[in-house]
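Fold and contact review
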Amino acid sequence: MCRNIKPLFNFDPPATDDEIRDAALQFVRKVSGTTKPSKRNEAAFEHAVNSIAACARELLDSLETSQPPRDREEVAAKARARTAVRFA
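Residues numbered from 1 in each chain as written. Predicted model: local features only at pLDDT ≥ 70, side-chain atom pairs only at ≥ 80, totals over all residues. Heavy atoms only, no water.

Under an unreviewed UniProt entry, the name given to the chain is DUF2277 domain-containing protein, and the organism recorded is Rhizobium aouanii.

Shown next as structure tokens:
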């Protein structure tokens with residue numbers, strides 16, 4: 001759905017609150033169809049971002065896995081390689 005939302009679970013170091021908020025913001029932008037709400041809708045937009053970020057944090061904190069944590073640099077390198085092949 002949103003290409004800018006990246007998986008945040010099972011990384012070392014864990015996802016930060018800023019990363020979670022950024023993902024929530026992207027989700028709300030996609031659902032609402034706007035990147036910047038009008039003054040009239042600003043409070044509802046911000047409330048939605050905060051609510052989704054809180055739910056995402058709760059989800060990430062409650063998930064369990066037996067897999068070792070993934071390395072952020074390794075995942076980023078794989079993504080860059082896929083992009084290079086895609087746009088070559």
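**Focus on the confidence of the model for the chain**
Interpretation of this model should avoid reading the predicted coordinates in detail wherever pLDDT is low. The condition is simple: A residue's pLDDT is simply how confident the predictor is in it, with values from 0 to 100. The way it works is that DSSP assigns letters per residue, a run of H or I at least four long becomes a helix, a run of E at least two long becomes a strand, and they are numbered from the N terminus.
Averaged over the chain, the pLDDT score is 91; the fraction of residues at 70 or greater is 95%. The lowest-confidence element of the chain is strand E1 (residues 11-12), averaging 88 in pLDDT; the highest-confidence one is helix H2 (residues 42-62), averaging 97.

**A few points about the side chain of Asn10**
Condition: In protein, a polar contact requires one atom able to donate a hydrogen and another able to accept it; more generally it is a pair of N or O atoms within 3.5 Å, and residues adjacent in sequence count only if both atoms are side-chain atoms. Pairs of residues are marked as contacts when any of their non-hydrogen atoms sit within 4.5 Å.
Looking at where Asn10 falls in the secondary structure, it is placed in the segment before E1. Of the polar contacts made by the side chain of Asn10, one reaches the backbone oxygen of Pro68; its length is 3.2 Å. If we skip the residues at most four places from it in the chain, Asn10 touches Thr65, Gln67, Pro68, Pro69 and Arg70.

**Overview of unusual backbone geometry**
Here is the rule: Each residue is placed in one exposure class: buried if its accessible area under a 1.4 Å probe, protein chains only, is under 20% of its type's maximum, exposed if it is over 50%, and partly exposed if it falls in between.
The omega torsion across Asp12 and Pro13 is 0 degrees, close enough to zero to call that bond cis. Mapped onto the fold, Pro13 is located in the loop between E1 and helix H1 (17-32). A positive phi is found at Asn10, a non-glycine position, where the angle reads about 65 degrees. Asn10 gets classed as buried once you look at its relative accessible area, which sits at 15%.

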